[in-house]
Amino acid sequence: MSAPTHSLPEEFFPLVLVGLPGAGKTTVARELSRLVGGAGCDLDSEIKRRTRMTIPEIFRTRGEEGFRDIETETLHHALAVTRGVIALGGGALERRRNRDLLRGRVVIYLQVSPEQAAKRVAGEKGARPLLEREDASVEQVLLELFARRERYYTEVSTLSVRTDSLTPAEIAARCVDKLDDLSRSAEGRRIAASGMGATVRIRVGGEAPYRVSVGHGLASEVVSSLRPETRRVLLIHPEALREEAESLRASLSDARLSVISHTHPEGEGAKDIAVVASCWDALGRHHVTRRDAVVALGGGASTDMGGFVAATWMRGIDVVQVPTTTLGMVDAAVGGKTGINTPQGKNLVGAFYPPRAVIADLDYLRTLPLDEHRSGLAEVIKCGFLADPAIVRTVKAAPEACLDPTTAELADLVERAIRVKADVVTDDLKEAGRREHLNLGHTFAHAIEWAEDYRVRHGDAVAQGMVYAAHVARLAGIGPDNLVEETIGVLEAVGLPTSYRGSDADTLIGAMFSDKKVRSDRLRFVLLREWQRPDVVAIDDLDLLIEAARRVGVRA
């Protein structure tokens, strides 16, 4: 293959061509790939390769709906693996899931009149089942298709090119000109900066492996992550996300799934046995079986509770986690920990239960309140202290960008934090070893949350807990010399709290003895012996714990 003649931002790929049958998508894809690099992919040809059947054979044996199911699955795969240009079938955009898959990507609409399209497909008898009707000519059918589909082509397209009087080479050249203009425009810079064209997929291994998808416009991935035999879905969400839930419900319904929407209280109020019981009741009333699924849409409390509901219904059904907060994406939804609270403490009832998939759609963060986003960054920074110094460097160098959910820096931080957690839980699902390290700062944080009746943000408490752990390490004579100062400095760079004055030392230390990491009545803390070198250390010295609390601001 000859070298490409035009350079485009990597985030623009794969380019996608849409338009009526006869628009020239397949031949233009080859020409355009030659100019910009990468391989051309004709989706219909890929479907034939994967099924070992012709398109007419698929229509005869499985019907149009069966063909569309295969088409969606093939498109999902092609978007993940293709670097060049994808030519999409003319009718694919009538399915909402396919339009969702293309959201945020660079899509070129090849415009052609139905009259010209009819001339181009003449002589292809038997190859295009939808164009062959006894009651209408090909041109009449194309006029009908144009009337039905044109709004979808316009909806998803980034650019459009008229093709009626042009050769494939001329069409490709015009596409390149417009792509060059786009790359220099504000819209092109936004696409390149946000990485919207690229969905990152992170594998979590172990006995029940699954995938975490990170990117933009991922609603359709919720559908594609479900088993083919799934028929009913319990969609749980807080009242505040009713609009987002309705959009997701529509995508699920388009896939002919029966959706039961179920709201729950906000925040930690969701993690209550009465809320769980209401979900069980909904599952029972709607005859949800073992082949069906729960979809949990919301923050960490929603995914914790939703996972527990799925783990306990019929001894376990699928759950797809759709976190909508920074905290949920980097921590709660990943790793298979599910749970609810009791009057005695946080997450004391729960199960290790890996999800079917986690869909981290960064678009949800655009409407997240700043304080909620900031709180979630505590768990990101924790991952930096534990395993990835690049996270710490980014927070120190560009704190304002880290607070902006539309930036490339934030997308990179979310991906890095998820990779840290995925690596740990792949090795240790049930917290028998390395997974305990993810609790850096959490022993003190859970005590604060209990003392404040769970009215504080989890991330804020974790930030305070990491400072407390740094003081404990210093008083115990372990850790790098700058541990306390660096911990405080990185957290304060993004405005996270580093002191706590809400309760007294006796109350907090008493609450810490209810922590799950207590062994033989000994408090155990995750402490940093060096940066990115955590360890679990038992601390028996009560005076040391009180002094560390005093240094964080706690009254004696």
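These numbers were taken from a predicted model, which means no experiment stands behind them.

Focus on the packing of helix H5 (residues 114-121) against helix H6 (residues 138-156)
Then, number 1: Contact geometry for H5 and H6: axes closest at 9 Å, N-to-C directions at 130 degrees. Classified by the angle between their axes, H5 and H6 sit oblique to one another. Where H5 crosses over H6, the handedness of that crossing is right-handed. When H5 is examined against H6, the residues Pro114, Glu115, Ala117, Ala118 and Val121 are found in contact with a partner set consisting of Val138, Glu139, Leu142, Leu143 and Phe146.
Then, number 2: Along the lines of polarity and charge, the residues of the contact of H5 with H6 split into 8 nonpolar, no polar and 2 charged.

Topic: helix H18 (residues 442-451)
At 3.6 residues per turn, the α-helix brings residues three or four places apart onto the same side.
Then, number 1: Taken across its 10 residues, H18 has 8 buried, putting it largely inside the fold.
Then, number 2: Tucked into the core, H18 has its buried residues touching strand E13 (345-352), helix H14 (370-386), helix H19 (458-475), helix H21 (505-512), strand E15 (523-530) and helix H22 (542-552).

A word on H5
Then, number 1: Those residues of H5 that fall on the buried side of the exposure criterion are Pro114, Ala117, Ala118 and Val121. What you see down the axis of H5 is that its buried residues fit within an arc of 105 degrees, all on one side.
Then, number 2: Looking at the buried residues of H5, the elements they touch are H6.

Looking at the nonpolar core
Then, number 1: By size, the foremost hydrophobic cluster in this structure holds 78 residues, and its most contacted members are Val212, Tyr468 and Leu545.
Then, number 2: In this structure, Val212 is in contact with Val200, Arg201, Ile202, Val204, Val334, Val358 and Ile418, ignoring residues within four places of it in sequence.
Then, number 3: Counting residues in each nonpolar core, the second largest holds 53 residues, with Leu32, Ala87, Leu102 and Leu145 among its members.

Some words on the sheet that holds strand E11 (residues 318-323)
Then, number 1: With mixed pairing, the 7 strands of this open sheet are ordered in space as E6-E7-E14-E11-E10-E8-E9. The strands lining the two open edges of the sheet, one partner per strand, are strand E6 (200-204) and strand E9 (258-264). Taken pair by pair, the neighbouring strands of this sheet meet at an average axis angle of 15 degrees, ignoring direction.
Then, number 2: Relative to strand E10 (residues 293-298), strand E8 (residues 232-238) runs parallel, the two sharing 4 bridges.

Considerations on the pattern of salt bridges
Then, number 1: Considering all chains together, one arrives at 44 salt bridges under this definition.
Then, number 2: For Glu431, the salt bridge goes to Lys337, with nearest N and O atoms at 2.5 Å. Residue Glu431 is found in the loop between helix H17 (408-427) and H18, and its partner Lys337 is found in strand E12 (residues 337-342); the two are separated by 94 residues along the sequence.
Then, number 3: Judged by relative accessible area, which is 15%, Glu431 ranks as buried.
Then, number 4: Look at Lys337 and you get partly exposed, because its relative accessible area is 28%.
Then, number 5: Residues Asp412 and Arg416 are paired through a salt bridge, measuring 3.0 Å at the closest nitrogen-oxygen approach. Placement of the pair is Asp412 and Arg416 together in helix H17, with a separation of 4 residues, close to one helical turn.
Then, number 6: Under the relative-accessibility criterion, Asp412 is labelled partly exposed at 28%.
Then, number 7: In this structure Arg416 comes out as partly exposed when scored by relative accessible area, which is 29%.

Comments concerning the pairing of strand E7 (residues 210-215)
Then, number 1: Burial within E7 is extensive, with 5 of its 6 residues counted as buried.
Then, number 2: One ladder, built from 5 bridges, connects E6 with E7; its direction is antiparallel. Pairing of Ile202 across the sheet is with Val212, part of E7.

Calculation criteria
- Positions within a chain are numbered from 1, following the residues in the order the chain's sequence is written.
- At least 70 in pLDDT is required for a residue's local features to be given in this predicted model, at least 80 for side-chain atom pairs to be given and counted, and no such filter applies to totals for whole chains, interfaces and linings, which use all residues.
- Where side-chain values are given, they derive from all heavy atoms of the structure, hydrogens and water being excluded.
- The axes used here are C-alpha line fits, helices contributing only the stretch in contact, and every angle between their N-to-C directions lies in the interval 0 to 180 degrees.
- Numbering goes from the N terminus for both helices and strands, where a helix is a DSSP run of H or I of at least four residues and a strand is a run of E of at least two.
- Each angle is binned into one of four classes, with values under 35 degrees roughly parallel, values over 145 roughly antiparallel, values of 65 to 115 roughly perpendicular, and all other values oblique.
- Crossing handedness follows the turn of the near helix against the far one: under a right angle anticlockwise gives a left-handed crossing, and clockwise gives a right-handed one.
- The criterion used for residue contact is that any of the two residues' heavy atoms lie within 4.5 Å.
- Gly is placed with the polar residues, together with every amino acid not listed as nonpolar (Ala, Val, Leu, Ile, Met, Phe, Trp, Tyr, Cys and Pro) or charged (Asp, Glu, Lys and Arg).
- Working definition: with a 1.4 Å probe on protein chains only, accessible area under 20% of the residue-type maximum means buried, over 50% means exposed, and in between means partly exposed.
- Note that the arc is defined by the directions from the helix axis to the C-beta atoms.
- Put simply, a nonpolar core is a bunch of buried Ala, Val, Leu, Ile, Met, Phe, Trp, Tyr and Cys residues held in one set by side-chain atoms that sit within 4.5 Å of each other.
- Strands are treated as partners if at least two bridges between them are detected by DSSP.
- One speaks of a salt bridge when a side-chain nitrogen belonging to Lys or Arg is within 4 Å of a carboxyl oxygen belonging to Asp or Glu.

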